[in-house]
Amino acid sequence: MNQLVTAPRLGGWLLVPLAWLIMMMLTSAMALAMYLSPLFNPAWRATLFSHGGMLVTNWAVSLLTALAVWLYSLWVCWIFCKRSRRLPRHYIIWLLVTLLLALKTFAFTPVSDGKAAQTLLLALLAAAVFVPYFKRSQRVKSTFIQP
């Protein structure tokens, strides 16, 4: 008789990385809305498209990056809730992507150093805590077993 193996429910400490994922997904949705806003404001649109190709290129790259991060975050959240065995690897990749984007913000974006450092430190802290947890935790290994 075939017996189905059921994974434990999502709960306990697994809710912390899920909450972090959801929070970052909402943050990337807000960034996406920010980059899309010039398309819906005539004055901003005129300013954006009247400054030549470099500004439009930078805006388009930022828009596409925000869209890609939001879509990947959405997909990682989906496989998290499905308890897919692919989740630990993709969650770690997702953490590294957010860390790289925070590093890019710190190094190249014209925002205050305090805000950029805060973003970088939060991403570093999340990676430092969640990567070992997803690599070594028995709870993770027993929860994320679905195909």
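Further up the page is the structure itself.
What you are looking at is a predicted structure, and each value in this text was computed from that prediction instead of being measured.

**Student:** Help me understand the overall build of the protein chain in this model?
**Tutor:** In terms of regular secondary structure, the protein chain is built from six helices and zero strands. Here the protein chain has a C-alpha radius of gyration of 19 Å; the compact-globule value for 147 residues is 15 Å, and the former is much larger. Projected onto its principal axes, the C-alpha positions of the protein chain cover 70 × 35 × 20 Å. The buried share of the protein chain, reckoned over its 147 residues, is 30%. Long-range contacts, defined here as pairs at least 24 residues apart, represent 70% of the contacts in the protein chain between residues at least 6 apart. For the protein chain, the computed accessible surface area is about 9600 Å², with 72% contributed by carbon and sulfur atoms.

**Student:** Is there a simple way to explain helix α1 (residues 15-40) in this structure?
**Tutor:** Count 3.6 residues to each turn of an α-helix, and residues three or four apart come out pointing the same way. For α1, built from 26 residues, the straight-helix expectation of 38 Å at 1.5 Å per residue is met to within 8% by its first-to-last C-alpha distance of 37 Å. When the local axis directions of α1 are compared, the greatest deviation, roughly 25°, occurs at Met34, which is followed within four positions by the proline Pro38. For α1, the set of buried residues is Pro17, Leu18, Trp20, Leu21, Met25, Ser28, Leu32 and Pro38. Each element contacted by the buried residues of α1 is listed here: α2 (42-50), α3 (53-81), α4 (87-108) and α5 (113-136).

**Student:** I'm lost on the environment of Ala127 in this one. Help?
**Tutor:** Following the sequence through the fold, Ala127 ends up in helix α5. Residue classification places Ala127 among the buried residues on the basis of a relative accessible area of 11%. The spacing of Ala127 and Leu36 is 91 residues in sequence and 29 Å in space, taken between C-alpha atoms. Leave out the neighbours within four places in its chain, and Ala127 touches Leu95, Leu99 and Pro132.

**Student:** Sorry if this is basic, but what is going on with the side chain of Ser28 here?
**Tutor:** Within the secondary structure layout, Ser28 lies in helix α1. If sequence neighbours within four positions are ignored, Ser28 has contacts with Ala66, Val69, Trp70 and Ser73.

**Student:** What's the story with the side chain of Ser73 in this structure? I'm lost.
**Tutor:** Structurally, the position occupied by Ser73 is in helix α3. At 2.7 Å, the side chain of Ser73 and the backbone oxygen of Val69 are in polar contact. Not counting chain neighbours up to four residues away, the residues in contact with Ser73 comprise Leu21, Met25, Ser28 and Trp94.

**Student:** Can you help me understand the state of the cysteines in this one?
**Tutor:** What makes a disulfide is a covalent bond joining the sulfur atoms belonging to two cysteines. Counted under the stated rule, the structure contains zero disulfides. Here Cys77 stays free of any disulfide, with the sulfur of Cys81 as its closest cysteine sulfur at 4.6 Å.

Criteria and cut-off values
Residues numbered from 1 in each chain as written. Predicted model: local features only at pLDDT ≥ 70, side-chain atom pairs only at ≥ 80, totals over all residues. Heavy atoms only, no water. Helix = DSSP H or I, 4+ residues; strand = E, 2+ residues; numbered from the N terminus. Rg over C-alpha atoms; globule rule 2.2 N^0.38 Å. Buried < 20%, exposed > 50% of the residue type's maximum accessible area, 1.4 Å probe, protein only. Contact = heavy atoms within 4.5 Å. Areas by Shrake-Rupley, 256 points an atom, 1.4 Å probe, with all protein chains shown as cover. Expected span 1.5 Å × (residues − 1). Bend = angle between axes of the 7 residues up to and from the residue. Polar contact = N/O pair within 3.5 Å; in protein donor to acceptor, adjacent residues only side chain to side chain. Disulfide = S-S within 2.5 Å.

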